[in-house]
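# An overview of the molecular structure
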Amino acid sequence: MENRQRLIINGGRRLEGEIAVHGAKNSALPLLSAAVLAHGESIIHNCPQLTDVDAALRILSKLGCRCKKSEDTVTVDAANVTSPEIPDTLMREMRSSIVFLGSVLGRTGRCRLSFPGGCELGARPIDLHLSALELMGMEVSEQHGYLDCTAPAGLHGAKITLSFPSVGATENILLAAVTARGVTEIHNAAREPEIADLADFLTKCGAKIRGAGESVIAVEGVERLSPCEHSVIPDRIVAGTYLCAAAITRGELILTRCEPSHMNGFVTVLESMGARVYTYGGGKMYLSCKKRLVAPKTVRTMPYPGFPTDIQAPFTALCCTAEGTSVFVENIFENRFRHIPELVRLGASIKTEGRVCVVEGVQRLSGAKVRAAELRGGAALIVAALAADGVSEITGLGFIDRGYESPEKALRSVGADIRRV
Ligand code: EPZ
């Protein structure tokens, strides 16, 4: 999806004001997949307006669902699911389309999809998804890059232990288990808030789930699910990205419609760096940063509730002008430092070695032309450019638009000199 647009940022302005955080992309996608299981029209509120959500709606339409979107409310009528196939083009466009496997298989007994290619973050295999669903009775035949998944005798419950608490695998197992015969137990399940949000939705549809958000989840299969109405949880990564933007410009920011309890894994790091963060009730939090930040010694990305891999890139940007040296260890993905060379073009002093990168704080960054190579790395470039002297130009906005609703509007509303051309 070549996007010719550019962001022009004139850096050095303090951010001050209030930003409302939109719904979580990584919750909306599995929720849209879950709607396939409900016989009728589900309504999803606070759904973010992102290109990845549009891609998910196109997949739902190809499956035979009738979708409508108005502002941040999406309705999905899955009364008639007429096809079990996820189009190759859409699988390529968005590898997280793999999250449709569990629901399409559960609803139709079949799912045909092309192997999700690698992505900007590395290989991103789906072995944990497939081996778990095979324990539940799924059979996979693979030819010409296509996976033909069937459940000839229907899906049945199983005791599944994940070797890694994979978010997507946990979601696919939940989606397959809610209407499987018998009980499914997931051990070493992912604990991300998006898992609990998916379980909430499925429970409203009539599913029987216990322990979502913990490491052991139990599901008792039911005959059939009915549609429901649900509101997507706030996007903790988008919230964290804007906190980084305010902190690097030594500004003050109020976030509304956010969920501070989902953000402890990295807000603690912001506070250790010297930022002042207060959380109020009702989804509101406040950050102020009056002086130069002190670099955190070591930051290791971990599964939830640890430091999220998705906020690693914006934090490496934040540390570019902090006082001291930081070591980032990326434990989740094999290739998540593609933004580093671009930060160096902005004047940062960073060395990478495999899954480790060392950021040596400098006094100032200076504007440059830089290019996003993936979603969160692109967000990191925006954070850095906001603090860089002079004008920066960021291309590769197609990646950024996958996960951030018009970031230029949000940032301009709190004083940034940023425009999209
Ligand atoms: C989800 O991806 C998120 N995407 C990612 O956010 C996020 O970074 C990731 O979880 C970790 O929190 C969505 O929710 C749509 P994983 P997912 O399965 O499910 C390996 C963003 O920027 N693995 O927990 O793909 C995998 O290669 C995106 O919004 C296997 O080896 O993450 C990776 O190294 C990026 N085999 C690690 O586990 C498998 O079968 C984590 O993957 C599955 C995963």
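Overview of the structure. (Residues numbered from 1 in each chain as written. Predicted model: local features only at pLDDT ≥ 70, side-chain atom pairs only at ≥ 80, totals over all residues. Heavy atoms only, no water.)

### Topic: the site of the ligand
Our working rule: When at least one non-hydrogen atom of a residue lies within 4 Å of a molecule or strand, that residue is treated as near it. In protein, a polar contact means a hydrogen-donor-capable atom and an acceptor-capable atom, both N or O and within 3.5 Å, with residues adjacent in sequence counting only if both atoms are side-chain atoms; elsewhere, any N or O pair within 3.5 Å suffices. A cavity here means a set of 1 Å grid points, computed over protein atoms only, where a 1.4 Å probe fits but cannot escape. A pocket is an open set with protein on both sides within 12 Å along at least 5 of 7 lines, and lining residues have an atom within 4 Å of a point. Just a note on the criterion: a molecule sits in a pocket or cavity if more than half of its atoms are within 2 Å of the grid points. Secondary structure elements are defined from DSSP: runs of H or I of at least 4 residues count as helices, runs of E of at least 2 residues count as strands, and each element is numbered from the N terminus.
Lining the immediate surroundings of the ligand are 23 residues, of which Asp-127, Leu-128, Ser-166, Asp-310 and Ile-332 lie closest. Between the ligand and Asp-127, the relevant distance is 2.7 Å, taken from a nitrogen atom to a side-chain nitrogen or oxygen of the residue. Contact distances for the ligand include 2.7 Å between an oxygen atom and a backbone N or O atom of Leu-128. When each cavity is represented as a set of grid points, the ligand is found to reside in the largest pocket. If you list the elements that add at least two residues to the shell around the ligand, you get α1 (25–34), α5 (127–135), α6 (167–177) and α12 (375–387).

### Brief notes about the packing of aromatic side chains
In plain terms, the rule: Ring pairs are drawn from Phe, Tyr and Trp, using the six-membered ring of Trp, whenever the two centres fall within 6.5 Å, and their geometry is named by plane angle: stacked under 30 degrees, edge-to-face over 60, tilted for the rest. The rule is simple: take the accessible area with a 1.4 Å probe, protein chains only, and divide by the maximum for that residue type; under 20% is buried, over 50% is exposed, in between is partly exposed.
Counting across every chain of the model gives three aromatic pairs. Between Phe-266 and Phe-315 the ring centres are 6.2 Å apart and the planes differ by 70°, which places this aromatic pair in the edge-to-face class. Of the two residues, Phe-266 is situated in helix α9 (residues 264–272) and Phe-315 in helix α10 (residues 312–319); the sequence distance between them amounts to 49 residues. In terms of burial, Phe-266 and Phe-315 fall into one category: buried. Ring geometry for Phe-307 against Phe-315: centres 5.0 Å apart, planes inclined by 85°, an arrangement best described as edge-to-face.

### Topic: the packing of helix α8 (residues 236–248) against α9
The condition that has to hold: Interaxial angle, 0 to 180 degrees, is taken between N-to-C directions of lines fitted to C-alpha atoms, where a helix line uses only the stretch in contact. By the definition adopted for this analysis, an angle is roughly parallel if under 35 degrees, roughly antiparallel if over 145, roughly perpendicular if from 65 to 115, and oblique otherwise. Any two residues having at least one pair of non-hydrogen atoms within 4.5 Å are treated as being in contact. Amino acids are sorted into nonpolar (Ala, Val, Leu, Ile, Met, Phe, Trp, Tyr, Cys and Pro), charged (Asp, Glu, Lys and Arg) and polar (every other residue, Gly among them).
Where α8 meets α9, the axes come as close as 11 Å, and the angle between the chain directions of the two elements is 10°. By the angle between their axes, α8 is roughly parallel relative to α9. Judged by residue contacts, Arg-236, Gly-240, Leu-243 and Ala-247 of α8 engage Phe-266, Val-267 and Leu-270 from α9. For the contact of α8 with α9, the per-class residue count stands at five nonpolar, one polar and one charged.

### Some details on helix α2 (residues 51–63)
Cut-off, in case you're wondering: In this analysis, the expected span of each helix is defined as 1.5 Å times one less than the number of residues it contains.
Taking 1.5 Å of rise per residue, the 13 residues of α2 would be expected to cover 18 Å, and the 19 Å separating its terminal C-alpha atoms lies within 8% of that figure. Of all the positions in α2, only Asp-52, Val-53, Ala-55, Ala-56, Leu-57, Ile-59, Leu-60 and Leu-63 are classed as buried. Looking at the buried side of α2, the elements it contacts are α1, β4 (66–70), β5 (73–77), β6 (85–86), α3 (88–93) and α4 (100–108). With its phi angle positive at about 110°, Gly-64 sits one or two positions after the end of α2.

### What to know about unusual backbone geometry
Cis geometry is adopted by the peptide bond preceding Pro-305, which originates at Tyr-304 and carries an omega value of 10°. Along the polypeptide, Pro-305 turns up in the loop between β18 (298–300) and α10. Backbone geometry places Arg-257, a non-glycine residue, at a positive phi of 55°.

### A closer look at the side chain of Asp-77
For Asp-77, the location among the structural elements is in strand β5. Within polar-contact distance, the side chain of Asp-77 engages the backbone nitrogen of Ala-79 at 2.9 Å. Apart from residues lying up to four places away in sequence, Asp-77 is in contact with Gly-40, Glu-41, Cys-65 and Arg-66.

### Structural notes on the sheet that holds strand β8 (residues 139–143)
The criterion, for reference: Here, a strand pair is defined by DSSP locating no fewer than two bridges between the strands.
The strand order across the open sheet formed by four strands is β6-β7-β9-β8, and the pairing between neighbours is mixed. Across the chains shown, the open sheet's two edge strands, defined by having one partner strand only, are β6 and β8.

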